[in-house]
Each structure stands twice: as C-alpha cells, then as structure tokens.
Amino acid sequence: MTPGSKLALRREYDIVLMGATGYTGALIAEHIATNLPTDLKWAISGTSRSKLEHLAEKLTKFGDRIQPAIEVVSVEDGVRLASIIGQARVCISAVLYSLAGEQIVRACVEERTDYVDCASTPVIIQAWIRKYHDKARKNKVALIHACGASIAPLDLMVWLAAREIDEKWSLKIRDVTLRLDEINTNISGGTLRSIIGHAALAPKLVKETQSPSALCPVTHTGEPSAIAGVHHNPSLGWLAASSLTADQDRALIYRTWGLLQDTDNSYGPSFSFNEYEKASSVLGGLGLFLRSYLIAFIMSLARIPFLRNFVISRTPAAGSGPDAEAAKSVPVSMEATAVADERGSLGSKSPKIADVKFLYPNGYYPVTALFMAQAAASLLFKRRLEGNITGGCLTPAILGSDFVERTQSVGVQWTVQLQDS
Ligand SMILES: NC(=O)c1ccc[n+]([C@@H]2O[C@H](COP(=O)([O-])OP(=O)(O)OC[C@H]3O[C@@H](n4cnc5c(N)ncnc54)[C@H](OP(=O)(O)O)[C@@H]3O)[C@@H](O)[C@H]2O)c1
C-alpha cells in the first residue's frame with residue numbers, strides 16, 4: 001500500500017488511535033490535535049465509551065479541526081477490532097502490549113493497515129517478528145515497533161550518524177558509543193505494569209531475546225565490545241556500563257542494522273553499538289552501578305508470584321501517570337559518537353567521527369507521544385521506507401529522513417558534527 005493508493009483512499013480514517021484513554025494514548029491524541037493537519041480524519045478507540053467521550057471533550061479545546069470519531073472496542077472482539085482497523089490507513093497502538101498488543105498487530109497485518117507502537121520489550125517483539133514479519137512483508141504493511149522515547153532516539157541517532165558519514169566520506173560505520181544522560185523515574189501506571197511483567201519472566205528467556213542477533217534478520221557476528229566498569233571517552237566524558245536497558249536497546253538497533261544490510265542504506269559489516277550511562281566521575285560511575293544492582297534486585301522480586309500480585313494490585317489504574325508539570329520536568333537527552341569504518345581504505349591518519357546529539361526539553365512521555373504521532377504522519381503522508389523496504393516488523397529508523405524532519409519541526413533537537421582530525 002502506498003499513500004494515495006485506491007485501497008488507502010477508500011478508508012474512512014487516516015489514523016485510528018488504539019488505547020487512546022491510557023496515559024500515553026491521551027498524550028498522543030493531544031499531539032495529533034495540536035500538530036497534525038486540521039482536516040485529518042481520525043478516531044480514538046478504547047474499551048470504555050465514557051472515558052473516550054471525556055477525552056473527546058478535552059480535545060475540542062485544541063481548536064477548529066475535524067474532531068475524532070469514537071470507536072469502542074476490546075481487543076478480545078476480533079471481528080469488530082478488524083472492522084475498525086480496516087477503516088484506517090494507519091493505526092497507532094498505545095495499549096498494554098503484553099495484554100492487548102498482539103491482537104492489534106494481527107488485525108493490522110490482515111487488514112493491510114500500517115502501524116506504530118512503542119513496545120520495547122524484546123520478548124514481545126521477537127514473538128511478533130516470528131508470527132507476523134513475513135505476512136506483513138507480503139501484504140506490504142509497515143509495522144513500526146519501539147517508537148517511544150526509550151528506543152526511537154537511539155535508533156535514529158545511529159541512522160543519522162551512518163547517513164552523514166556515508167554522505168561526507170562514502171564510508172560505512174564501525175563502533176557507535178552512546179551516552180544516556182538521565183533515566184526516567186517519573187513513570188506511568190502502564191509502564192510500571194510492563195516493567196513488572198517483564199521482570200517476572202524467566203531470566204534465560206530475557207537473556208536470549210536480548211542477545212545481539214535475537215531480533216535480527218541476519219546473524220550479527222561481531223564480538224561484544226562494551227567496556228566494563230567506568231571509563232573515559234574523549235568525546236562523551238565519563239561513562240558507566242551500568243545501563244539496565246543496554247542489551248535490549250542493542251538488540252533493537254541491530255534489527256535496524258540487519259533490515260538495512262544488503263541495501264544502499266547499509267551500516268556496513270563491522271557495525272557495533274554500545275550504550276552507557278553518563279557518570280560525573282569514577283566514583284559517580286560506581287554509584288550508578290550500585291543503583292542498577294539495587295533496581296535489578298528489586299525487579300527480581302517480581303518473580304515471586306505473591307509479591308508480584310501484591311505490587312500489581314497497588315499499581316495505579318490505566319490512564320494514570322505523572323501530572324503534566326512533572327511529565328515535562330526532566331529533559332530527554334543523549335549523545336553518541338560513531339567511528340567511520342576506514343579499514344580497507346588507504347592512507348587514513350586520524351579517525352573520522354560523527355557526533356550526534358538528541359535533546360527534547362519537555363519530558364519522556366510527551367516525546368513518546370510526539371514520536372508515535374509523527375511516525376504515523378510519516379507513514380500517512382510520505383511512506384518512504386529506507387532500503388526500499390515495503391513492509392514487515394520494522395524499527396523507527398526505517399522511516400528515515402522524513403521522520404527526523406517531522407520530529408525536528410515539533411521541537412526535537414538533533415545535532416550532527418563531523419570531525420576527521
Ligand atoms: N518504550 C517507551 O518509550 C514507552 C513509553 C511510554 C509507554 N510505553 C508503553 O506503552 C504502553 C501503554 O502505557 P500507558 O502508561 O499509557 O498505559 P495505560 O495508561 O495503562 O493505558 C493502557 C491502555 O490500554 C487499553 N487497553 C487495556 N486492555 C485493553 C483491551 N483488552 N482492549 C483494548 N484496549 C485495552 C486501556 O484502555 P481502557 O482504559 O479502556 O482499559 C488503556 O487505554 C505500556 O505497555 C508502556 O510500557 C512505552
């Protein structure tokens with residue numbers, strides 16, 4: 001399906017937003033109402049009519065535009081779900097993915113509706129890849145996974161570094177080192193439920209699905225190259241290998257690498273990615289390790305059913321999370337340095353490097369909403385997928401430059417600097 005195809009034009013909605021009454025879903029709805037064209041035909045969907053009507057009422061304050069239709073459905077009602085998704089050109093899913101995610105993915109593949117989510121758990125994404133990637137490719141449906149704040153900026157920073165190095169020096173990339181500046185501690189009820197659900201999984205399964213090639217269409221043969229402990233990087237300062245998300249983020253970024261392998265947009269055969277946390281000093285880095293061990297220990301308690309059920313019973317209801325001020329209070333920022341792969345090229349004296357910075361000043365959930373809505377807009381209005389890909393289980397970077405430009409136009413700051421001295 002391409003924008004403007006007969007199939008796409010016959011559909012009643014440009015976008016349907018599933019899970020609109022959730023914490024993230026409501027922010028996505030607000031972003032759409034504030035930033036997408038006023039003649040956009042869209043629908044908000046969830047299980048509760050009263051919650052949807054309340055949201056629709058709030059959305060009227062965002063001005064003179066086509067207001068969203070209300071579609072009440074629970075994902076257990078497969079026939080109605082398919083009929084709603086089949087009326088839309090793009091579906092955004094902001095439901096709890098472990099409970100209600102798969103039914104929506106399946107309906108999108110069958111109804112040939114492009115799709116965006118912010119699922120970032122490799123266990124879930126690997127299961128979807130195994131079940132739906134081939135059919136989505138055959139049906140030319142783009143399923144953009146992991147399009148939230150936890151993965152999309154990282155994935156796009158690597159993609160930007162690869163593009164800039166290719167354009168400037170006609171080289172592929174080798175090692176990418178990324179520094180996370182803050183971890184988001186202001187979390188929503190849905191995120192907390194996802195974290196608890198993930199922590200309760202068997203450690204062996206989690207480890208397997210986070211291995212470098214677990215989500216990759218081809219095997220990544222590079223040796224693990226993360227530097228253990230605390231070290232100093234000339235561009236990025238003190239770094240601690242204490243990030244609890246480093247392995248899962250690498251697995252998703254290697255999926256992008258694998259999807260682009262053998263295309264004009266390939267990162268190259270020597271690509272590797274390592275993620276660290278920003279440390280103030282060696283001592284500060286040790287403090288980050290202590291914090292990570294403590295969080296990992298607390299999360300391991302979720303494997304005890306009694307404790308897990310107790311915590312879940314006290315988790316805030318769907319739709320709850322930090323208030324608007326708190327949600328915006330912590331900027332999302334990170335920086336990466338990518339080294340060009342010059343092995344095989346003659347006469348190189350100093351490494352050629354791309355430094356990429358990402359900054360969104362107004363918080364983790366607002367930028368997740370921004371990414372999800374703008375990814376949907378990119379699929380709707382442009383649908384230019386990298387590497388001439390036409391469909392499948394994909395990653396945010398596959399939306400390429402159109403996606404980067406759209407996020408930039410609504411407040412994301414991307415900075416790229418090239419150095420070869
Ligand atoms: N990776 C990232 O960067 C990132 C960032 C933000 C969020 N997330 C993920 O996004 C997901 C949503 O988080 P949240 O905090 O927004 O969750 P939430 O507030 O609990 O909202 C969940 C939504 O799912 C809907 N839902 C639940 N069961 C359903 C069913 N059977 N059929 C249809 N809809 C159903 C709920 O609808 P009702 O209200 O009608 O029950 C609600 O709208 C979580 O998995 C979270 O981990 C990821």
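A few points on the structure.

Cut-off values and rules
- Residues numbered from 1 in each chain as written.
- Predicted model: local features only at pLDDT ≥ 70, side-chain atom pairs only at ≥ 80, totals over all residues.
- Heavy atoms only, no water.
- Patch = residues over 30% accessible without salt bridge, like charges linked within 9 Å, V, L, I, M, F, W, Y side chains within 5 Å.
- Areas by Shrake-Rupley, 256 points an atom, 1.4 Å probe, with all protein chains shown as cover.
- Salt bridge = Lys/Arg side-chain N within 4 Å of Asp/Glu carboxyl O.
- Helix = DSSP H or I, 4+ residues; strand = E, 2+ residues; numbered from the N terminus.
- Buried < 20%, exposed > 50% of the residue type's maximum accessible area, 1.4 Å probe, protein only.
- Lys, Arg positive; Asp, Glu negative; His and termini not counted.
- Charge placed at Lys NZ, Arg CZ, Asp CG, Glu CD.
- Contact = heavy atoms within 4.5 Å.
- Near = heavy atom within 4 Å.
- Polar contact = N/O pair within 3.5 Å; in protein donor to acceptor, adjacent residues only side chain to side chain.
- Axes fitted to C-alpha atoms, helices over the stretch in contact; angles between N-to-C directions.
- Parallel < 35°, antiparallel > 145°, perpendicular 65-115°, else oblique.
- Left-handed = near helix turned anticlockwise from the far one by under 90°.
- Nonpolar A, V, L, I, M, F, W, Y, C, P; charged D, E, K, R; others polar.
- Pairing = 2+ DSSP bridges.
- Expected span 1.5 Å × (residues − 1).
- Core = buried A, V, L, I, M, F, W, Y, C linked by side-chain atoms within 4.5 Å.
- Disulfide = S-S within 2.5 Å.
- Phe/Tyr/Trp six-rings, centres within 6.5 Å; stacked < 30°, edge-to-face > 60°.

Topic: a nonpolar patch on the surface
Here comes step 1: A surface patch of nonpolar side chains, about 390 Å² in accessible area, is lined by Trp-238, Val-282, Leu-283 and Leu-286.
Here comes step 2: Among the elements that line the nonpolar patch, the one with the most residues is helix α11 (residues 282-300), at 3 residues.
Here comes step 3: For Leu-283, a relative accessible area of 67% corresponds to the exposed category.

Quick notes on a positive patch on the surface
Here comes step 1: Residues Arg-112, Lys-135, Lys-138 and Lys-140 make up a contiguous surface patch of positive charge.
Here comes step 2: Along the polypeptide, Lys-138 turns up in helix α6 (residues 122-138).

A look at the environment of Gly-19
Here comes step 1: Relative to the elements of secondary structure, Gly-19 occurs in the loop between β1 (13-18) and α2 (23-35).
Here comes step 2: Since its relative accessible area comes to 13%, Gly-19 is described here as buried.
Here comes step 3: Between the C-alpha atom of Gly-19 and that of Ser-45, which follows or precedes it by 26 residues, the distance is 6.1 Å.
Here comes step 4: In this view, Gly-19 contacts Gly-25, Ser-45, Ala-94 and Val-95; residues no more than four positions away in its chain are not counted.

Notes on the site of the ligand
Here comes step 1: Taken together, the neighbourhood of the ligand is formed by 31 residues, with Thr-24, Thr-47, Lys-51, Ser-188 and Gly-319 sitting nearest.
Here comes step 2: Contacts to the ligand include Lys-51, whose side-chain N or O atom sits 2.7 Å from an oxygen atom.
Here comes step 3: With respect to the ligand, the backbone of Gly-190 contributes an N or O atom lying 3.2 Å from an oxygen atom.
Here comes step 4: In isolation the ligand exposes 930 Å². Once the protein is present, 91% of that is buried.

Comments concerning the packing of helix α7 (residues 152-169) against helix α15 (residues 400-409)
Helix packing geometry: the angle between the two helix axes and the distance between the axes.
Here comes step 1: Remark: α7 packs on α15, axes separated minimally by 11 Å, with the N-to-C direction vectors making an angle of 120°. Here α7 lies oblique to α15, going by the angle between them. For the pair α7 and α15, the sense of crossing is left-handed. Where α7 abuts α15, its residues Leu-156, Trp-159, Leu-160 and Arg-163 lie against Gly-400, Ser-401, Phe-403 and Val-404.
Here comes step 2: Each residue belonging to the contact of α7 with α15 can be placed in one class, and the counts come to 5 nonpolar, 2 polar and 1 charged.

Points about the sheet that holds strand β14 (residues 413-419)
Here comes step 1: If you walk across this open sheet you meet the 7 strands as β8-β9-β10-β7-β11-β12-β14, and the pairing is mixed. The two strands at the open ends of the sheet, each matched to only one other strand, are β8 (230-233) and β14. In this sheet, adjacent strand axes meet at a mean angle of 30° when their direction is disregarded.
Here comes step 2: Bridging between strand β11 (residues 332-340) and strand β12 (residues 353-360) involves 8 bridges; their strand directions are antiparallel. Bridge assignment links Ala-338 to a residue of β12, and that residue is Ala-354.

Remarks on helix α10 (residues 246-260)
Here comes step 1: Over its 15 residues, α10 extends 21 Å from the first C-alpha to the last, a length consistent with the 21 Å expected when each residue adds 1.5 Å.
Here comes step 2: Two residues or fewer past α10, Asp-262 is found with a positive phi of approximately 65°.

What about the nonpolar core?
Here comes step 1: Formed by 115 residues in total, the largest nonpolar core has its most connected members in Ile-15, Ile-104, Leu-143, Tyr-267, Phe-271 and Phe-358.
Here comes step 2: In this view, Phe-271 contacts Val-158, Ile-173, Arg-174, Val-176, His-220, Ile-253, Tyr-254 and Trp-257; residues no more than four positions away in its chain are not counted.

Some remarks on the side chain of Thr-209
Here comes step 1: The topology assignment puts Thr-209 in helix α9 (residues 203-209).
Here comes step 2: Judged by its relative accessible area of 1%, Thr-209 is buried.
Here comes step 3: When near neighbours in sequence (up to four residues on either side) are disregarded, Thr-209 contacts Pro-122, Val-123, Gln-126, Ala-214, Leu-215 and Ala-251.

A closer look at the pattern of salt bridges
Here comes step 1: Across all of its chains, the model carries 17 salt bridges by this definition.
Here comes step 2: The salt bridge partner of Arg-80 is Glu-71, with a shortest N-O separation of 3.0 Å.
Here comes step 3: Given a relative accessible area of 31%, Arg-80 falls into the partly exposed group.
Here comes step 4: Glu-71 sits in the buried class, given a relative accessible area of 9%.
Here comes step 5: The salt bridge involving Glu-164 is made with Arg-163; its shortest N-O contact spans 3.1 Å.
Here comes step 6: Counted as one network, the salt bridges with shared partners bring together Glu-102, Arg-106 and Lys-131.

Some remarks on the state of the cysteines
Here comes step 1: Within this structure, the stated rule accounts for 0 disulfides.
Here comes step 2: In this model Cys-108 remains outside any disulfide bridge; the closest cysteine sulfur is found in Cys-91, 3.9 Å from its own.

Some thoughts on the environment of Ser-292
Here comes step 1: Note that Ser-292 resides in helix α11.
Here comes step 2: Since its relative accessible area comes to 6%, Ser-292 is described here as buried.
Here comes step 3: Separated by 50 residues in sequence, Ser-292 and Ser-242 place their C-alpha atoms 6.3 Å apart.
Here comes step 4: Apart from the residues within four sequence positions on either side, Ser-292 is in contact with Ser-242, Leu-244 and Glu-277.

Re the environment of Val-16
Here comes step 1: By the element assignment, Val-16 lies in strand β1.
Here comes step 2: The exposure class of Val-16 is buried, given its relative accessible area of 0%.
Here comes step 3: When the C-alpha atoms of Val-16 and Val-332 are compared, they prove to be 27 Å apart, with 316 residues separating the residues in sequence.
Here comes step 4: In contact with Val-16, not counting residues within four places along its chain, are Ala-43, Ser-45, Ile-84, Ala-88, Val-90, Cys-91 and Ile-92.

Looking at the packing of aromatic side chains
Here comes step 1: Evaluated as defined, the whole model comprises 11 aromatic pairs.
Here comes step 2: For the ring pair Phe-289 and Tyr-293, a centre distance of 6.2 Å and an interplane angle of 40° mean the geometry is tilted. Of the two residues, Phe-289 and Tyr-293 are both situated in helix α11; the distance of 4 residues between them amounts to about one turn of the helix.
Here comes step 3: On the accessibility criterion, Phe-289 (14% relative accessible area) is buried.
Here comes step 4: Judged by relative accessible area, Tyr-293 falls into the exposed class, the value being 56%.

So yeah, pure geometry; function would need other evidence.
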